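Architecture and fold: a report
Here are the chains, one letter per residue:
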Amino acid sequence: MRADYLARRVGVFVLIVWLAATLNFFLPRLSGQDPVRATLLQQASLGGHVQTGLEAMVKEYERRFGLDRPLWKQYVTYLRDVSRFDFNYSISSYPRTVNSIIAEAIPWTVGLLGITTVLSFTIGTLLGALLAWPGAPRWMRLLMPPLWALHAIPFFLLGLILMYLLAFRMQLLPMFGGYTAGAFPGLTLTFVGDVIAHSILPALSIVLVATGGWALGMRGMMVTTQGEDYVTFAEAKGLRRLTIFLRYCVRNAILPQTTALALALGNILSGAVLVEVIFGYPGVGTILFHAIRENDHFLIQGIVFTVIVALGVATLILDVLYPLLDPRISYRRT
Amino acid sequence: MRNLLVHYGTPLGAVTAADSVSFSLRAGERLGVVGESGSGKSTLALAILRMIKPPGRIDAGEVWLDGVNLLALSDEAMRQVRLARIALIPQGSMNSLNPVMRIKDQIADALRDHGLAPSRRQVEERVRELLESVGLRPEVADMFPHELSGGMKQRACIAIAISLRPRVIIADEPTSALDVVVQKQVMETLARVQKDLGASVILVGHDMGLMAQFVDRLGVMYAGRLIEVSPVRDIFTQPLHPYTEMLIASLPSLEQKGTFRGIPGLIPLLRDLPPGCAFHPRCPHAVDRCRAEEPRLREIRPAGWAACHLR
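Residues numbered from 1 in each chain as written. Chains lettered and ligands numbered in written order. Predicted model: local features only at pLDDT ≥ 70, side-chain atom pairs only at ≥ 80, totals over all residues.

Description of the overall build of chain A
To be explicit about the condition: Only DSSP runs of H or I covering at least 4 residues are called helices, and only runs of E covering at least 2 are called strands; the numbering of each starts at the N terminus. Comment: burial labels come from other C-beta atoms within 10 Å of the residue's own C-beta, placed from the backbone, where a count of 20 or more is buried, 12 or fewer is exposed, and between is partly exposed. Our contact criterion uses C-beta atoms placed from the backbone: two residues qualify when those atoms are within 7 Å.
Looking only at helices and strands, one finds 14 helices and zero strands in chain A. Listed N to C, the secondary structure of chain A is α-α-α-α-α-α-α-α-α-α-α-α-α-α in terms of helices and strands. Counting every position in chain A, which comprises 334 residues, the buried fraction comes to 30%. A separation of at least 24 residues holds for 72% of the contacts in chain A among residues at least 6 apart in sequence.

Right, dumping it as structure tokens:
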């Protein structure tokens, strides 16, 4: 039964990835833009005069990139490349490959956003649960308005404010980048410390904003759950307040939160473009920003595809784990 | 129970959900409590367990069980009384079992929180015993609530309720939303475990037929007040209170097919009760005294109590 379920889920995953890859292939071609010509024209206009060999150059590049072949052949080649995670060369930073650029950026983004997402989920969910619980200390109730207010601020704005206060005025933290310019990346204590110091500002702005969202969601679910009949019956069973809180309220209220967490984790590669750009953080968001500015189709394709695969993997993991969390969702049927 | 008074705070002012409710319950006795929706019968059940939630509040009264006044106990002592001395069987229409926990875990946590920490094997043993006593197969222990039928769920609730051998079982409409066949099975299960334990039962509901079959004595509630308590046979043959009389008369009978007689008028708003007897606007026999003075519950014939000036 479970193997069957797993096979179906993996099938759906492959289908999603294939659909995404196909869209990724056809959408730019539907736009009618010719990136090779556009790039060459741009360079020519910078040069100040029209090059006579432009048409010949366009032809030559198209032959090199395989753009002169029939569309279906291009598509087949593309699918084969994509299945090997090969997205060719970057146009803007030729001769670097798209792969190497993304691979370099992923640890930064996953490090920053993975940790901040898990952190804000944990703090937010815990706070939200306690906020809705009558047994919690009263002063906790005072936390709600500031959390709401923070949640309403876009995190890039909060990032700018924090940057101004902590980095510019007080000069407590570095303002910009993933590490000090000129530092040699490596697994040394100084470098790691440097990286952490640089990540505090972007991390803080994300955590401060996101925690409120998690807390609000959890609090809402807790309020609903506490009105459930099984909580009343649990009290009639003479259970301790802590048992009721943990096993009858939090345990049930956390289910939708888990779904949201998995989706948030799947989204981290694309989730913080603005934060990364503002803080000049060398992650996927920043390279996506530059790729779009420089019309680097291959790099954009590579990033979009990676994001989709990440989301697909997160959903797949969630689908496989969810029946363990909530037995009402069975492995038997889709 | 003596002079229980329960209020609910509402934006429109305090509502009295139970007013000077007094009755006694003998060991092993089955007492029924009937009343219309909003007459305070569920409030009564929750008040005995001290589970009235804000904005509700127990303002006065005493609930004595084996020489201990429950309303004077500390919260922690009251927690230990729940299930161990007084157990609740919830309404049949409710999802009273946690959907994400196995049945055995929902029995085991009750044992654990009441200071019984037997080994895993002992717990399994006890769970199997309890399930068997309510007529459920041992496999049910490892199942989740959504895998059980309504009747099975309700029996699982009974198994939980009797797990600590309580002295009193409060059953709040235990068979609502169950079909008649299952209803009968559940009531038979309840009757059997009650006999085994020698516990008393308070059965709350509005199904007069069920009451007639199950209880020894019957209490009738109207607008938060207990207006009559009599042996169940007497209530059906010679009701004391005009409301009870009309309630019995409104029951469909086999002899008079096709006629249905309700009680004219509506139950009064609890926040805006008429002065005197709360029933007087609907009572065909009302006299001036009924409009001015509230009647107290008194013994009118041996074991027959009613709150009516006319008796």
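Considerations on the overall build of chain B
Stated precisely, the cut-off is as follows: Taken over C-alpha atoms, the radius of gyration is set against a globule rule of 2.2 Å times the number of residues to the power 0.38.
For chain B, the helix and strand inventory stands at ten helices and 13 strands. Taken against the 2.2 N^0.38 rule, which gives 19 Å for 311 residues, the C-alpha radius of gyration of chain B at 20 Å falls within 12% of a compact globule. In terms of its C-alpha atoms, chain B occupies a principal-axis envelope of roughly 70 × 50 × 40 Å. Going through the 311 residues of chain B one by one, you find that 42% of them count as buried. Within chain B, counting contacts between residues at least 6 apart in sequence, those at least 24 apart form 62% of the total.

Topic: the pairing of strand 8 (residues 168–172) of chain B
All names here are of chain B. Heads up, the rule is: For two strands to be treated as a pair, DSSP must find at least two bridges joining them.
When you tally the buried positions in strand 8, you get five out of five residues, the bulk of the element. Neither face of strand 8 is open: one carries Val168, Ile170 and Asp172, the other Ile169 and Ala171, and all of them are buried. Sheet analysis places strand 7 (residues 86–89) next to strand 8, joined by four bridges and oriented parallel. The residue bridging Ile86 from the neighbouring strand is Val168, located in strand 8. In this structure, strand 8 lies alongside strand 9 (residues 200–205), joined through five bridges in parallel fashion. Among the inter-strand pairings, Ile169 is bridged to a residue of strand 9, identified as Val201.

Points about the confidence of the model for chain A
The criterion, for reference: Scored from 0 to 100, pLDDT records how confident the predictor is in each individual residue.
On average, residues of chain A carry a pLDDT of 84, and 95% of them reach 70 or more. Per-residue pLDDT, averaged within each element of chain A, yields its smallest value for helix 2 (residues 35–47) of chain A (72) and its largest for helix 9 (residues 229–236) of chain A (92).

Looking at the sheet that holds strand 4 (residues 56–62) of chain B
Residue and element names in this part refer to chain B. Here is the rule: Lines fitted to C-alpha atoms define the axes, with helix axes restricted to the stretch in contact, and inter-axis angles between N-to-C directions lie between 0 and 180 degrees.
Taken together, the three strands give an open sheet; going across it, the order is 2-1-4, and neighbouring strands pair in antiparallel fashion. Of all strands in the sheet, those bounded by a partner on one side alone are strand 2 (13–21) and strand 4. Across the sheet, the mean angle separating the axes of adjacent strands is 15 degrees when strand polarity is ignored. One ladder, built from five bridges, connects strand 1 (residues 2–10) with strand 4; its direction is antiparallel. Along strand 4, the bridge assignment pairs Arg2 with Glu62. Contacts from helix 1 (residues 41–48) reach strand 1, strand 2 and strand 4, with the element oriented near 75 degrees to strand 2.

Comments concerning the nonpolar core
Which entries qualify depends on this criterion: Remark: nonpolar core denotes a set of buried Ala, Val, Leu, Ile, Met, Phe, Trp, Tyr and Cys residues whose joining runs through C-beta atoms within 7 Å.
Core analysis: the biggest nonpolar cluster contains 141 residues, and Ala159 and Ile170 of chain B have the highest contact counts within it. Looking at which element gives the most residues to this core, the answer is helix 8 (residues 189–226) of chain A, with twelve residues. Excluding its chain neighbours within four sequence positions, the residues that come into contact with Ala159 of chain B are Ile107, Leu130, Leu131, Ser133, Val134 and Leu136 of chain B. With six residues, the next largest nonpolar core counts Tyr78, Val82, Phe305 and Ile308 of chain A among its residues.

Regarding the interface of chain B and chain A
The line we're drawing: Residue polarity follows a fixed list, in which Ala, Val, Leu, Ile, Met, Phe, Trp, Tyr, Cys and Pro are nonpolar, Asp, Glu, Lys and Arg are charged, and the others, Gly among them, are polar.
Tallying the contact residues gives 23 residues for chain B and 17 residues for chain A. For the side of chain B that touches chain A, the secondary-structure elements that each account for two or more residues are helix 2 (75–81) and helix 3 (103–113) of chain B. Broken down by element, the residue count for the side of chain B that touches chain A peaks at three residues, all from helix 3 of chain B. Counted by class, the side of chain B that touches chain A contains 13 nonpolar, six polar and four charged residues.

Describing unusual backbone geometry
All names here are of chain B. Here the residue pair Pro54 and Pro55 is connected by a cis peptide bond, since its omega of 10 degrees sits within 30 degrees of zero. With respect to the secondary-structure elements, Pro55 resides in the loop between helix 1 and strand 4. Within the chain, Asp66 stands out as a residue other than glycine whose phi angle is a positive 50 degrees. One non-glycine residue, Arg165, lies in positive phi territory at about 50 degrees.

Brief notes about helix 5 (residues 150–161) of chain B
Residues and elements named next belong to chain B. What counts here: By this rule, a helix spans an expected 1.5 Å times one less than how many residues it contains.
Taking 1.5 Å of rise per residue, the twelve residues of helix 5 would be expected to cover 16 Å, and the 17 Å separating its terminal C-alpha atoms lies within 8% of that figure. Among the twelve residues that make up helix 5, eleven are buried, leaving the element largely enclosed by the rest of the structure. Among all positions in helix 5, only Gly151, Met152, Lys153, Gln154, Arg155, Ala156, Cys157, Ile158, Ala159, Ile160 and Ala161 are buried. Packed against the buried residues of helix 5 are strand 7, helix 3, helix 4 (120–133), strand 8 and helix 6 (180–197).

Comments concerning the sheet that holds strand 3 (residues 30–34) of chain B
Residues and elements named next belong to chain B. Taken together, eight strands build an open sheet; the order of strands is 7-8-9-3-10-11-13-12 and the sheet is mixed. Sheet topology places strand 7 and strand 12 (298–301) at the edges, where each strand pairs with a single neighbour. Here the average twist between neighbouring strands, direction ignored, is 25 degrees. Note that strand 11 (residues 225–231) and strand 13 (residues 304–306) share two bridges and pair antiparallel. Note on strand 13: the bridge partner recorded for Val229 is Trp305.

Quick word on the confidence of the model for chain B
Residues and elements named next belong to chain B. Across chain B, pLDDT averages 86, with 98% of residues at or above 70. Considering each helix and strand of chain B separately, the mean pLDDT is smallest for strand 1, with a value of 77, and largest for strand 7, with 93. Complex prediction metrics read pTM 0.81 and ipTM 0.88.

Comments concerning the packing of helix 3 of chain B against helix 4 of chain B
All names here are of chain B. Using the following cut-off: In this scheme, roughly parallel covers angles under 35 degrees and roughly antiparallel covers those over 145, while 65 to 115 is roughly perpendicular and the rest are oblique. For a crossing to be left-handed, the near helix must be turned anticlockwise from the far one by less than a right angle; the clockwise case is right-handed.
It is the contact of helix 3 with helix 4, at a shortest axis distance of 10 Å, that shows an interaxial angle of 115 degrees. Relative to helix 4, helix 3 is oriented roughly perpendicular. As for how helix 3 packs across helix 4, the hand of that crossing is right-handed. Together, Lys104, Ile107, Ala108 and Leu111 of helix 3 and Val123, Arg126, Val127 and Leu130 of helix 4 make up the contact between the two elements. In the contact of helix 3 with helix 4, the residues fall into six nonpolar, no polar and two charged.

Examining the packing of helix 7 (residues 155–169) of chain A against helix 8 of chain A
All names here are of chain A. In contact at an axis separation of 9 Å, helix 7 and helix 8 are set at 135 degrees when each is read in the N-to-C sense. As the angle between them shows, helix 7 and helix 8 are arranged oblique. Crossing hand, helix 7 versus helix 8: right-handed. The residues of helix 8 that touch helix 7, namely those facing Phe155, Leu158, Gly159, Leu162, Met163, Leu166 and Ala167, are Leu201, Pro202, Leu204, Ser205, Ile206, Leu208 and Val209.

Focus: the environment of Asp272 of chain B
All names here are of chain B. Examined against the element boundaries, Asp272 turns out to sit in the loop between helix 9 (242–249) and helix 10 (288–292). Here Asp272 falls in the exposed class, since 9 other C-beta atoms lie within 10 Å of it. Note: C-alpha distance between Asp272 and Thr16 (256 residues apart in sequence) is 9.6 Å.

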